[in-house]
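# Survey of secondary and tertiary structure
The lines below spell out each chain.
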Amino acid sequence: FCGFVRDLTDQKEAEKKLRRRERLMSGMMDSAFDPMFQINEKGIIQMVNQAAVDHFGWSRDEFMGSNVSIICGGGHGPNHDRYLERYLRTG
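Right, let's walk through the structure included here. Since the model is a prediction, treat every value here as computed from it, not as a measurement.

Reading guide: rules and limits
- Residues numbered from 1 in each chain as written.
- Predicted model: local features only at pLDDT ≥ 70, side-chain atom pairs only at ≥ 80, totals over all residues.
- Heavy atoms only, no water.
- Salt bridge = Lys/Arg side-chain N within 4 Å of Asp/Glu carboxyl O.
- Helix = DSSP H or I, 4+ residues; strand = E, 2+ residues; numbered from the N terminus.
- Buried < 20%, exposed > 50% of the residue type's maximum accessible area, 1.4 Å probe, protein only.
- Phe/Tyr/Trp six-rings, centres within 6.5 Å; stacked < 30°, edge-to-face > 60°.
- Core = buried A, V, L, I, M, F, W, Y, C linked by side-chain atoms within 4.5 Å.
- Contact = heavy atoms within 4.5 Å.
- Polar contact = N/O pair within 3.5 Å; in protein donor to acceptor, adjacent residues only side chain to side chain.

Throughout the structure, instances matching the rule amount to 2 salt bridges. Salt-bridge contacts for arginine 60 lead to aspartate 30; the nearest nitrogen and oxygen are separated by 2.9 Å. Of the two residues, arginine 60 is situated in helix H3 (residues 60–63) and aspartate 30 in helix H1 (residues 9–31); the sequence distance between them amounts to 30 residues. According to the relative accessible area criterion, arginine 60 is partly exposed, its value standing at 29%. You can call aspartate 30 partly exposed: its relative accessible area is 32%.

In the structure shown here, the tally under the stated rule is 5 aromatic pairs. An aromatic cluster of three or more residues is present, and its members are Phe37, Phe56, Trp58 and Phe63.

Further remarks concern the nonpolar core. Membership of the largest hydrophobic core is limited to 6 residues, which are Ile45, Val48, Ala52, Val53, Phe63 and Val68. Other than its neighbours up to four places away in sequence, valine 68 contacts Ile39, Gly43, Ile45 and His80.

A few words on the side chain of serine 66. Inspection of the secondary structure puts serine 66 in the loop between H3 and helix H4 (80–90). A polar side-chain atom of serine 66 sits 3.1 Å from the main-chain carbonyl oxygen of glutamate 62. If we skip the residues at most four places from it in the chain, serine 66 touches Gly43, Ile44 and Ile45.

By secondary structure assignment, the location of arginine 21 is in helix H1. For the pair arginine 21 and aspartate 61, spaced 40 residues apart in the sequence, the C-alpha separation amounts to 22 Å.

Functional significance is not addressed by these values, which are geometric in nature.
Structural data, given as structure tokens:
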């Protein structure tokens, strides 16, 4: 017989804290009256709140994984990736 034992207590606690933070973030976003999006560094929508779903009339699934430029009006959509890139470069 061959095997190993590894204490996962710290890892499980860290995972539990992460899940708690994710629930808190989701709850705060969904309680907001204004549309809110969480995007990654490429502008891809990672999280969307219920106000955005109600305002734009799209489902969460339609938003998730799309570039946030889809909601930009006034000609800003095509330029949004450049805006984001410049912000990440300059702060």
